[in-house]
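An overview of the molecular structure
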Amino acid sequence: MPHEQTATRRGPTSPPPSHGAQEVAKPGVGLAVVAALACVAQFMVVLDSSIVNVALPSMKEGLGLSAAAQQWVVNCYLITFGGLLLLAARAGDLFGRRRIFQIGLVVFTAASLFGGLAQEGWMLLAARFLQGVGAAALAPSSLSLITASHTEPGRRTRAMTWWGVAASSAGAAGVVLGGLLTASLSWRWVMLVNVPIGVGLLIASLVCLQPSAASKRSTRIDIPGAVTITLSAAALVYGVSSAPDDGWTSPRVLTALIGGVVLFVAFVLIERRTKEPLIPLEIFAVHNIRIGNILTLLMGTVITTPLFFLSLYMQQVLGESALRTGLSLLPMVSVISVGVLLSQRLIPKVGARRLVLVGGLVAAVGLVWLARLPVHSDYVGHVLLPTLVIGAGTSVMMMPAIVAATTGVAPQNAGAASGLINMCRQLGAALGLAALVTLASSVTGHSGATGAASVVDGYRVALLIVAAISVATALIALFLKDADVAPARNRAEAA
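Attention here is on the structure that accompanies the text. Starting afresh in each chain, residues are numbered from 1 along the sequence in its written order. Only residues with pLDDT of at least 70 get local features here, since the model is predicted, and only at 80 or more are side-chain atom pairs given and counted; chain-wide, interface and lining totals rely on the full set of residues. The basis for the side-chain values is all heavy atoms of the structure; hydrogens and waters are excluded.

1. Focus on the overall build of the protein
Runs of H or I in DSSP of at least four residues are treated as helices and runs of E of at least two as strands, each being numbered from the N terminus. The helix and strand tally for the protein stands at 19 helices and 0 strands. Taking all 495 residues of the protein together, 52% fall into the buried category. Between two residues, a contact is recorded if the distance between any of their heavy atoms is within 4.5 Å. In the protein, the share of contacts with a sequence separation of at least 24, taken over all contacts with a separation of at least 6, comes to 83%. Carbon and sulfur atoms provide 67% of the accessible area of the protein, an area that totals close to 20,800 Å². Per-residue accessibility, obtained with a 1.4 Å probe over protein chains only, is compared with the maximum for each type, and a residue is labelled buried under 20%, exposed over 50%, and partly exposed between these values. Only the protein chains shown count as cover for residues, with accessible areas throughout obtained via the Shrake-Rupley method and a probe of 1.4 Å.

Following this line, the structure appears as structure tokens:
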């Protein structure tokens, strides 16, 4: 009895039941369940950005895809994912996070089924486009499930760390799972594997999550802004990727490139004039936000393109199986996953500027090493060691850029700043990949070599350009102001 009285007296000083949990989860559903739903959803979204790389040659054979269409299997996903992230994040605030989460699951799962059953190349590309739409809804809403339910700082940090681990490990799982499914079953299963996961998540969300009430604010959604930035990226990627076949001065290429620029200008004008912009332009008044987003844009290219070219090189030049290719790329992606987690601890000690500078230069060394790819390769010397160096360099670049680009933002613009940096990463990957595939194709076409040797010549030049971009990223990091970056460890974790 005295113990009960003591407990009663101490009640007000002990952590109260999470009000956020009551709003997000149904009675009896713990915070761990909410976090698990969010982590599995994020895992699935990131998995799909890497799982198709190893399956690209099999997709080419099965559906008769051209070299340009192969890159669009990746880019259709990246463009809609990146272009619609901000719109989806805003929609979650207005219409309820559970509703947007479930809409994303339905679209993503249905698109995965459609893509796995595709009989023509255009059907697969359409499915990847729709997968990107679903992913754009899932990524911000899955994170908001954690931030809304985990109101106690310690629990929120732990949940967000696991959310980050899910995203990082998905990259490693994607290359292995893509190779395993392609080799043992069919390339179709890199799409179909999402169906049972998506259905399970949808059922679990219906059972475990509270219906979230829509916002009563009369806030408008900036649909014109979302449409123009997405179409701008798509037009630019299409123009660049069409240039090897049509020529840079062809009407179709010029129309696409000019149209992309015009749409981007229209997007900026829309953001300046609308009352509720997707990207409030005043956030660019913060110096580190400008630099951080430029860094993220460039890093999207540096991280994505080596995996793309290596997957094609190992299967189409060396004749390796999809499974062996996936296992061969696993060390690099694993190093990236581990390095991302370690970099959070290094930011307060080393500084964001120095981490990006060193990481960019280390990655450039690995890329120059990788660019020595021969027609007949020794795996350890020509693939494993340089990719480990690349992974070590790129892994410590990402978190400092994110911290820099989200520190010093006004509270009302925090969501927009987070969405912007994710958009830059996805669109940087899409635009960079399109440009470098175009460059590689052009070099191959004008190479004095024949057969596989000419293809490898194209890959070498593209990888050297990626190395130059990595050096440029490192040099741009010198403009970061470490004094303006949150020095405390918890600020780095929150980012």
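2. Notes on the layout of surface pockets
Of the volumes computed, that of the second largest pocket is approximately 460 Å³. Here a cavity denotes a set of grid points, spaced 1 Å apart and computed over the protein atoms alone, in which a 1.4 Å probe fits but from which it cannot get out, and a pocket denotes an open set meeting protein on both sides within 12 Å along at least five of seven lines; residues with an atom within 4 Å of a point are reported as lining. In terms of lining residues, the second largest pocket is bounded by 21 residues, among which Ile229, Phe264, Leu297, Met423 and Cys424 are the most central. When contributions to the lining of the second largest pocket are tallied by element, the ones reaching two or more residues are α10 (223-246), α11 (251-273), α12 (287-317) and α17 (414-446). Side-chain classes follow a simple rule in which Ala, Val, Leu, Ile, Met, Phe, Trp, Tyr, Cys and Pro form the nonpolar group, Asp, Glu, Lys and Arg form the charged group, and the remainder, Gly included, forms the polar group. Classifying every residue of the lining of the second largest pocket by side-chain character gives 17 nonpolar, 2 polar and 2 charged. Grid points are joined across faces, edges and corners, and a volume is the space filled by probe spheres set on the points.

3. So, the pattern of salt bridges
The working definition used for a salt bridge is a side-chain nitrogen of Lys or Arg within 4 Å of a carboxyl oxygen of Asp or Glu. Using the criterion set out here, one finds 3 salt bridges in the structure. The partner of aspartate 457 in a salt bridge is arginine 460, with the nearest N and O atoms 3.1 Å apart. Separated by 3 residues within a single helix, aspartate 457 and arginine 460 lie in helix α18 (residues 452-476), roughly one turn from each other.

4. Looking at helix α15 (residues 379-395)
Turning to α15, its buried residues are Gly381, His382, Val383, Leu384, Pro386, Thr387, Ile390, Gly391, Gly393, Thr394 and Ser395. As for α15, its buried residues are in contact with α12, α13 (322-350), α14 (352-370) and α16 (398-406).

5. Some words on the packing of α14 against α18
Interaxial angle, 0 to 180 degrees, is taken between N-to-C directions of lines fitted to C-alpha atoms, where a helix line uses only the stretch in contact. Taken N-terminus to C-terminus, the directions of α14 and α18 make an angle of 170°; their axes are 8 Å apart at the nearest point. The pairing of α14 with α18 is recorded here as roughly antiparallel in orientation. Of α18, the residues touching α14 (which contributes Val356, Leu357, Gly360, Leu361, Ala363, Ala364, Leu367, Val368 and Leu370) are Leu463, Leu464, Val466, Ala467, Ser470, Val471, Thr473 and Ala474. Classifying every residue of the contact of α14 with α18 by side-chain character gives 14 nonpolar, 3 polar and no charged. Our angle categories are set so that under 35 degrees counts as roughly parallel, over 145 as roughly antiparallel, 65 to 115 as roughly perpendicular, and the remainder as oblique.

6. So, the nonpolar core
Residue types Ala, Val, Leu, Ile, Met, Phe, Trp, Tyr and Cys, when buried and joined through side-chain atoms within 4.5 Å, form a set referred to as a nonpolar core. If you look at the biggest cluster of nonpolar residues, it comprises 124 residues, and the most contacted ones within it are Met59 and Leu124. Once you skip the residues sitting within four places of it in the chain, methionine 59 turns out to touch Val52, Gly64, Leu65, Val73, Leu124, Trp187 and Val190. One finds Cys39, Ala159, Trp163 and Ala166 within the second-largest nonpolar core, a separate group that totals 7 residues.

7. Let's talk about the packing of aromatic side chains
Aromatic ring pairs are defined here through the distance separating the ring centres and the angle between the ring planes. The aromatic pairing rule takes the rings of Phe, Tyr and Trp, using the six-membered ring of Trp, and pairs them if the centres are within 6.5 Å, calling planes under 30 degrees apart stacked, those over 60 edge-to-face and the rest tilted. The full count for this structure, using the stated rule, is 4 aromatic pairs. Taking 6.4 Å as the distance between ring centres and 35° as the angle between the ring planes, the aromatic pair formed by phenylalanine 264 and phenylalanine 267 counts as tilted. Of the two residues, phenylalanine 264 and phenylalanine 267 both sit in helix α11, 3 residues apart, roughly one turn of that helix. Exposure remark for phenylalanine 264: the relative accessible area of 42% places this residue in the partly exposed category. Taking 5.4 Å as the distance between ring centres and 55° as the angle between the ring planes, the aromatic pair formed by phenylalanine 309 and tyrosine 459 counts as tilted. Placement of the pair is phenylalanine 309 in helix α12 and tyrosine 459 in helix α18, with a sequence separation of 150 residues. For the residue pair phenylalanine 309 and tyrosine 459, the accessibility class agrees, reading buried in each case. An aromatic cluster is defined as three or more aromatic residues linked by ring pairs; in this entry it consists of Phe308, Phe309 and Tyr459.

8. Let's talk about empty space enclosed by the protein
Over the atoms rolls a probe the size of a water molecule, and its path tells where empty space is left. Per the stated rule, a full pass over the model turns up 1 cavity of 30 Å³ or more. Space inside the largest cavity adds up to approximately 60 Å³. Along its surface, the largest cavity is lined by Thr296, Met299, Gly300, Ile303, Met398, Ala401, Ile402 and Arg425. Those elements giving two or more residues to the lining of the largest cavity turn out to be α12 and α16. The leading source of residues in the lining of the largest cavity is α12, at 4 residues. When its residues are assigned to classes, the lining of the largest cavity shows 5 nonpolar, 2 polar and 1 charged.

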